[in-house]
Each structure stands twice: as C-alpha cells, then as structure tokens.
Amino acid sequence: DGVAQGKGIKCSLCTKALKKMQALAGDNPDEAAVAAALQKGCQVLGRSMGRLCKWLVKKHQDQITEGLQNGDMPRDICTAMGICRS
C-alpha cells in the first residue's frame, strides 16, 4: 500500500542521511560536531531530499543529536523517531 511505501522511502532517506551525518560527526562527537554534521548531511542529498532532510533535522534535532552522541545505529534513531518501523 502507498502508506507503507512512503514510510519506506522516508525510512531509507532518514537512514541514509543519518549515516552521512554520523560519518561527518566522527567518533565521539560533541554537540558542535553533531550540529555541523546535521547541516552538511542534508546538503549532500540534493535539493528535494535535502529539503525533507532539513525538515527532519529541525523536527527531531534533539533526538538525532542524542542518538549520534550515544553512537546509536542510524536505523535505530530513525525507528525511535517513528520514521522507520522496527
């Protein structure tokens, strides 16, 4: 069904964006490193995906920051935000 597919696309976008952000933030990132990675991570995705990514970051910034600082897996962070299904 369309809803599940929409979720799938958002889920894979979320996971892809967070993987990128995780790589940009590096190991054991502080808040500044995570904030910079959130900015850069969306730019890499292109315009239309980047817009969705920025919205995601704005809406879930604390959760993403905490997840990246805790070293959580991107997929787990996206699931915790309700974007991916566990």
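Residues numbered from 1 in each chain as written. Predicted model: local features only at pLDDT ≥ 70, side-chain atom pairs only at ≥ 80, totals over all residues. Heavy atoms only, no water.

### A closer look at the state of the cysteines
For step 1, the next point in the chain: Evaluation of the coordinates by the stated rule reveals three disulfides.
For step 2, the next point in the chain: Two residues share a disulfide in this structure: Cys-11 and Cys-84, whose sulfurs sit 2.0 Å from each other. Residues Cys-11 and Cys-84 are joined through a disulfide that is right-handed, its torsion about the S-S bond being 105°. Of the two residues, Cys-11 sits in helix H1 (residues 2-25) while Cys-84 sits in the segment after helix H4 (74-80), which places them 73 residues apart along the sequence.
For step 3, the next point in the chain: Judged by relative accessible area, which is 4%, Cys-84 ranks as buried.
For step 4, the next point in the chain: Sulfur-sulfur distance for the disulfide between Cys-42 and Cys-53 comes to 2.0 Å. Where Cys-42 bonds to Cys-53 through sulfur, the torsion about that S-S bond is close to -75°, and the disulfide is left-handed. Of this pair, Cys-42 sits in helix H2 (residues 31-43) while Cys-53 sits in helix H3 (residues 47-70); the two residues are 11 residues apart in sequence, bridging distant segments of the chain. There is no split in this pair, since Cys-42 and Cys-53 are both buried. (Disulfide = S-S within 2.5 Å. Helix = DSSP H or I, 4+ residues; strand = E, 2+ residues; numbered from the N terminus. Buried < 20%, exposed > 50% of the residue type's maximum accessible area, 1.4 Å probe, protein only.)

### Overview of the environment of Cys-42
For step 1, the next point in the chain: Since its relative accessible area comes to 2%, Cys-42 is described here as buried.
For step 2, the next point in the chain: For the pair Cys-42 and Trp-55, spaced 13 residues apart in sequence, the C-alpha to C-alpha distance is 9.7 Å.
For step 3, the next point in the chain: Excluding anything up to four places from it in sequence, Cys-42 contacts Met-21, Gly-50, Cys-53, Lys-54 and Val-57. (Contact = heavy atoms within 4.5 Å.)

### Section: the confidence of the model for the chain
Predicted coordinates in regions of low pLDDT should not be interpreted in detail.
For step 1, the next point in the chain: Looking at the chain, pLDDT values average 86 and 92% of them are 70 or higher.
For step 2, the next point in the chain: For the chain, per-element mean pLDDT is lowest for H1, which scores 79, and highest for H4, which scores 94. (pLDDT = per-residue confidence, 0-100.)

### Some points on the environment of Val-44
For step 1, the next point in the chain: Examined against the element boundaries, Val-44 turns out to sit in the loop between H2 and H3.
For step 2, the next point in the chain: Its relative accessible area of 48% is what places Val-44 among the partly exposed residues.
For step 3, the next point in the chain: Sequence separation between Val-44 and Ala-17 is 27 residues; the distance between their C-alpha atoms is 8.5 Å.

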